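# Structural features, examined
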Amino acid sequence: MRDNKTLFKNTRVYLFLFFCAGLLLYFNSLHNPFIWDDQILVVNNPAIRDIHNLAKAFATDISFGRQPTSSYRPLVNVSFILDYSLWRLDASGYHLTNILLHIATSFFLFYLLASCLAQGRLFSLLVSLLFLVHPLQTNVVTYISGRADALTGLFLILAVIGYIKFINGKRLYLAYLSALFFFFALCSKEMAFTFPFIILLYEYVFLDKGERAALRQKRIYTFAAKNHTIYGADGFGRSSISPRGIPEAFSPGGLNFYGLLLLVCLAYLGLRLAALRSFIGLGSHFYPSLAQRLLPIPIIFCRYLRLLLLPYGLSLSHIVHMPFSIFEPQTLAAIFLWLIFIIFSLRSIHYCRVLFFGLAWFFIHLLAVSNLIPLNAYMAEDWLYLPSMGFFIGLVALGFKLNKRLFIFVLCLSLPVYAWLTFQRNLDYNDPVKFYQKTLIYSPRNFKMYHNLGILYLDRAETDLAIAAFEDAIRFKPDFAESFLGLGFAYQKKGRSDIAESCYNKALRIKPGLKEIKEYLANLK
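Residues numbered from 1 in each chain as written. Predicted model: local features only at pLDDT ≥ 70, side-chain atom pairs only at ≥ 80, totals over all residues. Heavy atoms only, no water.

A separate point is a nonpolar patch on the surface. A cluster of nonpolar side chains, contributed by Leu290, Leu294, Leu367, Leu372 and Ile373, occupies part of the molecular surface with about 470 Å² of accessible area. Using a relative accessible area of 40% as the deciding quantity, one classes Leu372 as partly exposed. (Patch = residues over 30% accessible without salt bridge, like charges linked within 9 Å, V, L, I, M, F, W, Y side chains within 5 Å. Areas by Shrake-Rupley, 256 points an atom, 1.4 Å probe, with all protein chains shown as cover. Salt bridge = Lys/Arg side-chain N within 4 Å of Asp/Glu carboxyl O. Buried < 20%, exposed > 50% of the residue type's maximum accessible area, 1.4 Å probe, protein only.)

Encoded structure:
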């Protein structure tokens, strides 16, 4: 109790610490330009320029209906609308919003561990600083369009905090606030559906059998108690049982917390269905078979582990080489390591609860992006934003368990290195050409990167380089009409109208509805 009171008194100090550390770490990203999807979601998105579109953001997809997509993320668009109202198209303001979101998420992660899970301030501080400074987070913080993960992380942490405060005898409004934050997290990114599993994990790890049994009993009628006392003095309110053993709140108006979460999910799915006309959405052409999606999971897991521990070779896009058989040496080695990690995680519950909690958090969120439901890629660094919280909790817990002093010494050496790598990674986003070229090193078949590189070269009047980039894009995506359009425009600038006309006609055959094609063809005549 004394530790919590001291923590409360020092909240401003810790908040100031996180604010200064986050700002120092990312201030060199403030002047980075818009890049890649920023052009679609912000720069060339007229919908975000009207503050009256705040409500419309909940009735359409993330592109405001301008192109087929499976992404329903209304709060991301709401944030862009608010940013535009403040900054117009000054990228610095959008970067500042991302930085503040990441700082807030890191601080509330600290608060969750120190206050709600009572893990001690040193432990909580080390976990949160690891999360704050790790270079992997740049794809969420430095990349403006990566904001969805930061919003989801913030609202999910707040939802967990609200729930834990609620079940520990606090007021009724915390339950509703937790459910509201869960809804906000869902409206930021679909990955937030992991929240119910996280609170079940919390109950399993940190409550004893008697408490869990009482809590399961109370869920039936929690919100209908006549005196609005959710739990009694012991945190579980046994007084709500009538003498005949029938819950007093068991009535047509009764509702438990999981019932409330179910209503939140139904509301979200209803909005998503209305916006996308389906639960999954449109526009995804990445639908391999289930076997193809499952086979590389251990390999991707090992790559994620390497990125978390040794964050070099960072890229906005990663190519995963598909194994042809489970018996390939690389696949067998990855499966072996994956199984060892799972077995260790399961056994850790017997000697360190917080270690098990962290590793289970890691697996739950990693499972959500493991392509069990088809996604638009096999792996992505921004998908580690939520899983990394659990990984760092587990890592610090293991270090404290094995050799606390040695681990703190190693971590004190590692944190400045991670911070320096983050600072340097921010610079990659400063020059779009450099950014695309570096990304292509790790994702050499990414036709969108080549296409965007071609557009940049056109803007810089480097026509020959633009032609080469567009031709590379077409080589990897022969039916990409936009690259034929760009290639035709580049040849037109070189005075090769015959080749330009051929490119425009190819683009027209692939995508007859592309408006610019007819205009460009008319200009040739």
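Moving on, there is more to tell.
We now examine the environment of Gly488. Along the chain, Gly488 turns up in helix α21 (residues 481-493). For Gly488, a relative accessible area of 0% corresponds to the buried category. Between the C-alpha atom of Gly488 and that of Cys503, which follows or precedes it by 15 residues, the distance is 4.9 Å. With residues up to four places along the chain from it excluded, the contact list for Gly488 reads Ala500, Cys503 and Tyr504. (Helix = DSSP H or I, 4+ residues; strand = E, 2+ residues; numbered from the N terminus. Contact = heavy atoms within 4.5 Å.)

As a further point, take the packing of helix α6 (residues 121-133) against helix α17 (residues 385-428). Close contact between α6 and α17 brings their axes to 6 Å; oriented N to C, the two are set at 30°. What the angle tells us is that α6 and α17 run roughly parallel. Two packed elements cross with a definite hand, and for α6 against α17 that hand is left-handed. Residues of the contact of α6 with α17, tallied by class, amount to 21 nonpolar, two polar and one charged. (Axes fitted to C-alpha atoms, helices over the stretch in contact; angles between N-to-C directions. Parallel < 35°, antiparallel > 145°, perpendicular 65-115°, else oblique. Left-handed = near helix turned anticlockwise from the far one by under 90°. Nonpolar A, V, L, I, M, F, W, Y, C, P; charged D, E, K, R; others polar.)

Following the sequence through the fold, Ser345 ends up in helix α15 (residues 329-347). According to the relative accessible area criterion, Ser345 is buried, its value standing at 5%. Of the polar contacts made by the side chain of Ser345, one reaches the backbone oxygen of Phe341; its length is 2.7 Å. Filtering out sequence-adjacent residues up to four positions away, Ser345 remains in contact with Phe356, Leu359 and Phe363. (Polar contact = N/O pair within 3.5 Å; in protein donor to acceptor, adjacent residues only side chain to side chain.)

The next thing to look at is the packing of α21 against helix α23 (residues 515-524). Two packed helices can be described by the angle between their axes and the distance between those axes. Two elements in contact, α21 and α23, have axes separated by 11 Å at closest approach and are oriented at 20°. In terms of axis orientation, α21 runs roughly parallel to α23. In this structure, α21 meets α23 at a crossing whose hand is left-handed. Listed contacts from α23 to Leu485, Phe489 and Gln492 of α21 are Glu516, Ile517, Tyr520, Asn523 and Leu524.

Attention now goes to the packing of aromatic side chains. All told, the structure shown has 39 aromatic pairs when counted by the stated rule. Measuring from ring centre to ring centre gives 6.2 Å for Phe18 and Phe107, while their planes differ by 75°; the resulting arrangement is edge-to-face. With a gap of 89 residues between them, Phe18 in helix α2 (residues 11-26) and Phe107 in helix α5 (residues 91-116) connect regions that are remote in the sequence. Across this residue pair, the class does not change: Phe18 and Phe107 are buried. An angle of 50° between the planes, with centres 6.5 Å apart, marks the rings of Tyr163 and Phe166 as tilted. A residue pair is termed a helical-turn pair when its members lie 3 or 4 positions apart in one helix, as Tyr163 and Phe166 do in helix α8 (residues 147-167) at three residues. In this structure, Tyr163 and Phe166 share a single accessibility class: buried. Linked through ring pairs, Phe301, Phe341, Phe362, Phe363, Phe391 and Phe392 together constitute an aromatic cluster. (Phe/Tyr/Trp six-rings, centres within 6.5 Å; stacked < 30°, edge-to-face > 60°.)

Turning our attention to the pattern of salt bridges. For the coordinates displayed, the defined rule picks out 14 salt bridges. The salt bridge partner of Arg73 is Glu190, with a shortest N-O separation of 3.1 Å. With Arg73 in the loop between α3 (37-43) and α4 (74-87) and Glu190 in the loop between α9 (173-186) and α10 (195-206), this pair connects stretches of sequence that are 117 residues apart. Note on Arg73: relative accessible area 17%, which makes it buried. Between Arg272 and Glu190 there is a salt bridge whose closest N-O contact spans 3.1 Å.

All right, on to α21 then. In this model, α21 (13 residues) spans 19 Å end to end at C-alpha, consistent with the 18 Å of a helix rising 1.5 Å per residue. Residues Ala481, Ser483, Phe484, Leu485, Gly486, Leu487, Gly488, Ala490 and Tyr491 constitute the buried set of α21. In this fold, the buried residues of α21 make contact with α19 (447-459), α20 (463-476), α22 (497-510) and α23. Just beyond α21, the residue with positive phi is Gly495, at close to 85°. (Expected span 1.5 Å × (residues − 1).)

This part covers the nonpolar core. Ranked by internal contacts, the top residues of the largest apolar core, which has 130 residues, are Tyr163 and Phe195. The greatest single-element share of this core, amounting to 15 residues, is contributed by α8. Core analysis: the second largest hydrophobic core is formed by 36 residues, Leu458, Phe480, Ala481 and Tyr491 among them. (Core = buried A, V, L, I, M, F, W, Y, C linked by side-chain atoms within 4.5 Å.)

On to helix α14 (residues 297-309), then. With 13 residues, α14 extends 18 Å from end C-alpha to end C-alpha; this agrees with the ideal 18 Å at 1.5 Å per step. Counting buried residues along α14, 10 of its 13 residues qualify, which places the element largely inside the surrounding structure. Within α14, the full set of buried residues consists of Ile297, Pro298, Ile299, Ile300, Phe301, Cys302, Tyr304, Leu305, Leu307 and Leu308. If you follow the buried residues of α14, they end up packed against α13 (290-294), α15, α16 (353-367) and α17.

To continue, consider the confidence of the model for the chain. Low pLDDT means the predicted atomic positions in that stretch should not be read closely. The predicted model of the chain has a mean per-residue pLDDT of 86, with 88% of residues at 70 or higher. Mean pLDDT values over the elements of the chain span from 55, in helix α1 (residues 2-9), up to 97, in α4. In the predicted structure, residues 219-253 sits below a pLDDT of 50 and forms 63 contacts with residues beyond four places in sequence or in another chain. (pLDDT = per-residue confidence, 0-100.)

Take Ala481: it is sitting in helix α21. According to the relative accessible area criterion, Ala481 is buried, its value standing at 1%. Sequence spacing of Ala481 and Pro512 is 31 residues, and the spatial spacing of their C-alpha atoms is 9.3 Å. Other than its neighbours up to four places away in sequence, Ala481 contacts Ala507, Ile510, Lys511 and Leu514.

Before going further, it helps to examine unusual backbone geometry. Of note in this structure, Ala118 is not a glycine but carries a positive phi near 55°. If you trace the backbone, Ala118 turns up in the loop between α5 and α6. Ala118 gets classed as exposed once you look at its relative accessible area, which sits at 57%.

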